[in-house]
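Here are the chains, one letter per residue:
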Amino acid sequence: MKLFKNIFGKSARPLHEEESPERGARVEQVERDADTLKFDALRASKMGQYSFALKAFAKALELRPEFETRYYLVETLMKIGAVHQALSHLNLLVDEVPEHVSTRIYRAQAFYREEQYDRAIEDLQKALSYTEDEKEMALLHRLLSANYSALGEWQMAISEANLAIEGHDEEPIASLYKMKSLVALQRWDEAISFLSEAVQNFPEEERFHLYEAEIFIARGDLETAERAYHVALEKDPFNEDACCGLARIAELSSDLPRAIELLQTSLEEGIVGKNILVLLIQLLEKTGLNADVESYRKQLEELNKVETQQNSDFEYIFDSSVYGDIFGSLAR
């Protein structure tokens, strides 16, 4: 967008015409140092070196508060899941340029992750008033559908999904939110009719078949539901929800040994996920096979430990205490 380029192109602190040559030279050096740090940080972020990137962005902003640098800092914070910290910077960016659509979208995504759906919707509606670009509008309607879906406002989610689809949204997400909403409203016939259209538009998307299975389970047609899960697995052999779905069908058919076997086979084939482990443990306990539970509990604990460690790593990366003084006396 032109606006984005104009903002990024402007100098944060233009030199005053009457500044002394010495002061002007110092300010120019600060500008150069800030740019060097910014681009080093951007390169590090793209390489996954997030700790260094955050340090460099922080130092660049210390030398020269600038919209572009702060925007790139937000991108990095969102990548590592530091959403709360990203929001504090996004608020500054929106205050500086309220009509900047990309920043509004980023803040809406941050609000979504923080489960502040009403605030996300407010930002997305504002962004819609600032753009006439068809692709941006389709994206905004898709994100609105996601937020209304999270609130359980299914009809609004469908309406926004329809606007995204009509805007030729190139992603399947809006169609998935429409399917989810139709299923939630138990509008089975409409959901099945839309399913054919969605699969035709996005033939590689396996998640449509998960909703298809839900529809037929609700109708008591377990055989058709099972076929839908198999189609999902043909498109994505590592789809954890489809694996659990097949086990659930076996359980509904009063075949607990088959359900357990399906989940154990999934684990043996490398489809290791928390949902599979939790369901398998539940089924083993239900059948009284407690002796087999312990090994799966340990696997689940390991997965939880990895997740906790990742969250801890993210917190460490953003902790200001790790900034240190790696830049020495740069630009002082």
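Let me sum up the structure you'll find in this document. No experiment lies behind these values; they were computed from the predicted model shown.

### Quick word on the packing of helix α6 (residues 101-113) against helix α8 (residues 134-150)
Look at α6 against α8: their axes get within 11 Å of each other, and the N-to-C directions meet at 20 degrees. It follows that α6 is roughly parallel to α8 by the angle criterion. With respect to the hand of their crossing, α6 and α8 are arranged in left-handed fashion. On α8, the residues that touch Val101, Ile105, Gln109 and Tyr112 of α6 are Glu136, Leu139, Leu140, Leu143, Ala146, Asn147 and Ala150. Residue classes in the contact of α6 with α8 are distributed as eight nonpolar, two polar and one charged.

### Points about the packing of aromatic side chains
A full pass over the atoms with the stated rule returns two aromatic pairs. Each ring, one from Tyr71 and one from Tyr106, has its centre 5.6 Å from the other, and the planes form 75 degrees; the classification is edge-to-face. Taken together, the residues span a long stretch of sequence, with Tyr71 in helix α4 (residues 67-79) and Tyr106 in helix α6 at a distance of 35 residues. Each of the two residues, Tyr71 as well as Tyr106, counts as buried. Seen in terms of ring centroids, Tyr112 and Tyr117 are 5.5 Å apart; in terms of plane orientation they differ by 65 degrees. Their pairing is edge-to-face.

### Some words on unusual backbone geometry
The phi angle at Glu115 is positive, at roughly 65 degrees, despite the residue not being glycine. Tracing the sequence through the fold places Glu115 in the loop between α6 and α7 (117-129). For Glu115, a relative accessible area of 58% translates into the label exposed.

### Section: the nonpolar core
Counting residues in hydrophobic clusters, the biggest one holds 44 residues, and the most contacted among them are Phe57, Val74 and Leu90. Of all the secondary structure elements, the ones that give two or more residues to this core are α2 (21-46), α3 (50-63), α4, α5 (83-96), α6, α7 and α8. Discounting chain neighbours no more than four positions away, the residues touching Leu90 are Val74, Thr103, Tyr106, Arg107 and Ala110. By size, the runner-up hydrophobic cluster in this structure holds 32 residues, among which are Ala213, Phe216, Cys244 and Leu256.

Calculation rules
- Residues numbered from 1 in each chain as written.
- Predicted model: local features only at pLDDT ≥ 70, side-chain atom pairs only at ≥ 80, totals over all residues.
- Heavy atoms only, no water.
- Axes fitted to C-alpha atoms, helices over the stretch in contact; angles between N-to-C directions.
- Helix = DSSP H or I, 4+ residues; strand = E, 2+ residues; numbered from the N terminus.
- Parallel < 35°, antiparallel > 145°, perpendicular 65-115°, else oblique.
- Left-handed = near helix turned anticlockwise from the far one by under 90°.
- Contact = heavy atoms within 4.5 Å.
- Nonpolar A, V, L, I, M, F, W, Y, C, P; charged D, E, K, R; others polar.
- Phe/Tyr/Trp six-rings, centres within 6.5 Å; stacked < 30°, edge-to-face > 60°.
- Buried < 20%, exposed > 50% of the residue type's maximum accessible area, 1.4 Å probe, protein only.
- Core = buried A, V, L, I, M, F, W, Y, C linked by side-chain atoms within 4.5 Å.

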